[in-house]
Amino acid sequence: MADLPRELDATNAPRSYEPKTGDITLDAPWGNLAIFYKPFANSPSLVRLGTFDGSVEVLMSNPTVRFELAE
């Protein structure tokens, strides 16, 4: 999990989401970003933002991560 530098608008997002391995999500009430390394239960307030493009094994070593808008 990580804090974001500014709040993301989740106004029209679904009320819950069931994350899968590699999903990048926003925990709407807290404003935290999360990348899931294994599936998780359907959770209220999770908003799917995208998917990690690579092996999630690298996430287990606590790397520095940078997000960029895909072209």
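Our structure's up above, just so we're on the same page.
The structure reproduced in this document is the subject of the present report.

What counts and how
Residues numbered from 1 in each chain as written. Predicted model: local features only at pLDDT ≥ 70, side-chain atom pairs only at ≥ 80, totals over all residues. Heavy atoms only, no water. Helix = DSSP H or I, 4+ residues; strand = E, 2+ residues; numbered from the N terminus. Buried < 20%, exposed > 50% of the residue type's maximum accessible area, 1.4 Å probe, protein only. Contact = heavy atoms within 4.5 Å. Areas by Shrake-Rupley, 256 points an atom, 1.4 Å probe, with all protein chains shown as cover.

**A word on the overall build of the protein**
Here's step 1: Tallying secondary structure elements over the protein gives zero helices and six strands in all.
Here's step 2: In sequence order, the protein lays out its α and β elements as β-β-β-β-β-β.
Here's step 3: Scored against the burial criterion, the 71 residues of the protein give a buried share of 25%.
Here's step 4: Taking as baseline every contact in the protein between residues at least 6 positions apart, the subset at least 24 positions apart corresponds to 46%.
Here's step 5: Accessible surface, the protein as shown: approximately 5,800 Å² in total, 52% of it carbon and sulfur.

**Some thoughts on the side chain of N32**
Here's step 1: One can find N32 in strand 4 (residues 32–35).
Here's step 2: Once residues lying within four places of it in the same chain are set aside, the contact partners of N32 are M1, A2, D3, T25, L26 and D27.

**Section: the side chain of T25**
Here's step 1: Relative to the helices and strands, T25 resides in strand 3 (residues 23–27).
Here's step 2: The class for T25 is buried, based on a relative accessible area of 0%.
Here's step 3: Setting aside chain neighbours within four positions, we find T25 in contact with Y17, P19, N32, L33, A34, F36, L46, V47, R48 and L49.

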